[in-house]
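# Inside the fold
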Amino acid sequence: MPLDAQSLINPNPIIHERKARTQKEAAAAVAEDGRELIDASEIFNHIRDITDPEHPYSLEQLNVVEEELISVDDRGSHVKVMFTPTVEHCSMATLIGLCIRTKLLRSLPPRFKVDILEGSAATVAGCIGCTFELHKVHGYTWWTFDGTVPGPVVRRRLGDTLEVRHTNRDATGLGHNIDFHAVTGPGGGAAATYAEPGETKTAFFKLVNPGLFIYHCAAPPLPAHVANGMYGLILVEPETGLPPVDKEFSVIQSEVYAKQGTVPGQLEHAYSDGMDENFSPMYVVYNGAVDALTEKPLIVDQDDRVRIYYGDAGPNKIATFHIIGMVFDKVYRDGDLISPPGRSIQTVVVPPGGAVVVEFTALVPGDYKMLDHAIFRVDKGCVGILKVSPKGTDSRLDLFDPVE
């Protein structure tokens, strides 16, 4: 029975053009025993036309399979294919993998062992200089991932293979990369993802540690890339996922070291100010702007279970995250999702390059200020609003009675 649009796992997939089918050259490579060697191109031709389980498109058209993600060891009789479902944790993934395996086992000589791996892609089209309003009187040109500060949240599960496609679209000529604090290996993937302007680099990383982590550009000069906005969060959930909550938010705190530029109202990065660790930044902000979380507050309903993924991009200062009038009943310190959480915590301390996950239930309606409890930073812009909308008529006077 065909699936209707409401029940499709991915009702609006992106369709890619088919590539020209490659033909084997007359003088194809042969092994010492005279047999023709099998390569990645031949494997791709076997599986590219397999139809997706829920769409009338091929796996190639949906970019589920790519020739670049196929490896062949003909001498060792081993084929490895990595496919990438169109959505994360796709329930069709097992069926897709089975279709690929069956097709290859029927098409290849019996001597071949076939391994099918499920990948998980994070495409970052980044490094574009974007000028945003930092404050009502100041603009600032950020260096970004995907045109936003912070960059997009990457969310995966323990054991996933993260496929990263990093495209450098920086018109200024700077090289960029991505250091994932969640990645085990040299530079957290920085060297593997380094791209010059106009280049795209692809890399694969097995995620072997659950937790909430920072990622950032680590190209030289590293401090300038982080200070100018090239950072984000990567969440690696346990294999079974995190318990469900009603609302989730991501917040990253950072400092802005800046000076007045040649254009009135436009600030420029002040690298020397950041070099002096005793120097006070011009601004300390949430999510890249002074008013980011006051003009667009975090909105929840009364009795909602709330989870906040919080990171400190630095580059220099320790953050002390606090919500006035709210006690965090679960705190996963340092982004640790394995150890039992701390309970009944008022303020959490997060170092530069660190993260924390906090949870609470919004029992009493009203507006709550979020801030860094290094309290003068509030006047530098480090403040936001959590708005708890009332549900019904019970305002919980048993917990909070303002006696008028």
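Residues numbered from 1 in each chain as written. Predicted model: local features only at pLDDT ≥ 70, side-chain atom pairs only at ≥ 80, totals over all residues. Heavy atoms only, no water.

### A closer look at the overall build of the protein
Keep this limit in mind: A run of DSSP states H or I qualifies as a helix once it reaches four residues; a run of E qualifies as a strand once it reaches two. Both are numbered from the N-terminal end. A simple rule labels every residue: compare its accessible area, found with a 1.4 Å probe on the protein chains alone, to the largest value its type can have, and call it buried under 20%, exposed over 50%, or partly exposed in between. Computed with the Shrake-Rupley method and a 1.4 Å probe, the accessible areas treat only the protein chains shown as cover for residues.
In terms of regular secondary structure, the protein is built from five helices and 23 strands. The buried share of the protein, taken over its 404 residues, is 48%. Per element, the accessible surface of the protein, about 19,900 Å² overall, is 54% carbon and sulfur.

### Points about the confidence of the model for the protein
Selection criterion: Within a predicted model, pLDDT stands for the predictor's per-residue confidence, ranging from 0 to 100. Working rule for contacts: check all heavy atoms of both residues, and any pair within 4.5 Å makes them a contact.
Mean pLDDT over the protein: 88, with 88% of residues reaching 70 or higher. Segment residues 1-9: pLDDT under 50, and eleven contacts once partners within four positions in sequence are set aside and those in other chains are kept.

### Here's the deal with the layout of surface pockets
In this approach the atoms are scanned with a rolling probe the size of a water molecule, which exposes any empty space left behind. How we decide: Space inside and on the surface of the protein is sampled on a 1 Å grid over the protein atoms alone, with a cavity defined as a set of points where a 1.4 Å probe fits but cannot get out and a pocket as an open set with protein on both sides within 12 Å along at least 5 of 7 lines; lining residues have an atom within 4 Å of a point. Grid points are joined across faces, edges and corners, and a volume is the space filled by probe spheres set on the points.
Volume-wise, the second largest pocket comes out at about 320 Å³. Along the walls of the second largest pocket sit 15 residues, with Gly-325, Met-326, Leu-363, Val-364 and Tyr-368 positioned nearest its centre. Sort the elements by how many residues they give to the lining of the second largest pocket and strand β22 (residues 366-372) lands first, with three residues.

### Remarks on the pairing of strand β12 (residues 247-256)
Convention followed: For two strands to be treated as a pair, DSSP must find at least two bridges joining them.
Within β12, seven of the ten residues are buried, which leaves the element mostly enclosed by the surrounding structure. Bridge analysis of β12 against strand β17 (residues 305-314) gives eight bridges, and the strand direction is parallel. Along β17, the bridge assignment pairs Ser-250 with Tyr-309. Alignment of β12 against strand β15 (residues 283-286), held across four bridges, turns out to be antiparallel. Across the sheet, the residue bridging to Ser-254 is Val-285, located in β15.

### Some words on the packing of helix α1 (residues 40-47) against helix α2 (residues 93-107)
For clarity, the cut-off: Note on method: axes are straight lines fitted to C-alpha atoms, helices fitted across the in-contact stretch only, with angles between N-to-C directions ranging 0 to 180 degrees. Here is the rule for handedness: rotate from the far helix to the near one, and if that takes an anticlockwise turn smaller than a right angle the crossing is left-handed, while a clockwise turn gives right-handed. Think of it as three bins: nonpolar holds Ala, Val, Leu, Ile, Met, Phe, Trp, Tyr, Cys and Pro, charged holds Asp, Glu, Lys and Arg, and polar takes everything else, Gly as well.
For the pair α1 and α2, interaxial distance at closest approach is 9 Å and the crossing angle is 120 degrees. Where α1 crosses over α2, the handedness of that crossing is right-handed. Residue-level contacts link Ile-43, His-46 and Ile-47 of α1 to Ile-100, Lys-103, Leu-104 and Ser-107 of α2. Among the residues making up the contact of α1 with α2, the classes are represented as four nonpolar, two polar and one charged.

### Description of the nonpolar core
Test applied: Among the buried residues, those of types Ala, Val, Leu, Ile, Met, Phe, Trp, Tyr and Cys that are joined through side-chain atoms within 4.5 Å form a nonpolar core.
Core analysis: the largest hydrophobic core is formed by 29 residues, its most contacted members being Ile-308, Tyr-310, Phe-321, Ile-323, Phe-328, Val-348 and Leu-386. Sequence-distant contacts of Tyr-310, that is, excluding residues within four places in its chain, are made with Leu-212, Val-251, Gln-253, Tyr-286, Ala-319, Phe-321, Val-350, Gly-354, Ala-355 and Val-356.

### Quick word on the sheet that holds strand β18 (residues 319-323)
Here five strands make up an open sheet; going across it, the order is β16-β23-β22-β18-β20 and the pairing mixed. For this open sheet the edge positions go to β16 (298-301) and β20 (347-350), each flanked by a neighbour on one side alone. Averaged over all adjacent pairs, the angle separating strand axes in this sheet is 20 degrees, with direction ignored. Sheet topology places β16 next to strand β23 (residues 383-389); four bridges connect them, and they run parallel.

### A few points about the sheet that holds strand β8 (residues 179-180)
Pairing in this open sheet of four strands is mixed, and the strands run β6-β11-β10-β8 from one edge to the other. Since the sheet does not close on itself, it has two edges, and those belong to β6 (154-157) and β8, each with one partner. In this structure, β8 lies alongside strand β10 (residues 211-216), joined through two bridges in antiparallel fashion. Across the sheet, residue Asp-179 finds its bridge partner in β10, namely His-216.

### Quick word on unusual backbone geometry
Geometrically, the link from Pro-220 to Pro-221 is a cis peptide bond, its omega value of -5 degrees lying close to zero. Assignment of secondary structure puts Pro-221 in the loop between β10 and α4 (222-227). Cis geometry marks the peptide bond from Gly-314 to Pro-315, where omega comes out at 15 degrees. Looking at the element boundaries, Pro-315 is found in the loop between β17 and β18. If you check the backbone angles, Asp-146 has positive phi at about 60 degrees while not being a glycine. By the element assignment, Asp-146 lies in the loop between β5 (138-143) and β6.

### Side note on a nonpolar patch on the surface
Selection rule: Patches were defined on residues exceeding 30% relative accessible area and lacking a salt bridge, with like-charge contacts within 9 Å and nonpolar side-chain contacts (Val, Leu, Ile, Met, Phe, Trp, Tyr) within 5 Å. A pairing counts as a salt bridge when a side-chain nitrogen of Lys or Arg comes within 4 Å of a carboxyl oxygen of Asp or Glu.
A contiguous nonpolar patch, built from Leu-363, Leu-399 and Phe-400 and spanning about 290 Å² of accessible area, is present on the exposed surface. Mapped onto the elements of the fold, Phe-400 is located in the segment after β23. Take Phe-400: its relative accessible area is 54%, and that puts it in the exposed class.

### Quick notes on the packing of aromatic side chains
The description of an aromatic ring pair uses the distance of the two centres, along with the angle that the planes make with each other. In plain terms, the rule: Whether two aromatic rings pair depends on their centres lying within 6.5 Å, for rings of Phe, Tyr and Trp, where Trp uses its six-membered ring; planes under 30 degrees apart make the pair stacked, over 60 edge-to-face, and the rest tilted.
Counted by the stated rule, this structure contains eight aromatic pairs. Ring-pair connections join several aromatic residues into one group, and the members of that group are Tyr-286, Tyr-310, Phe-321, Phe-328 and Phe-360.

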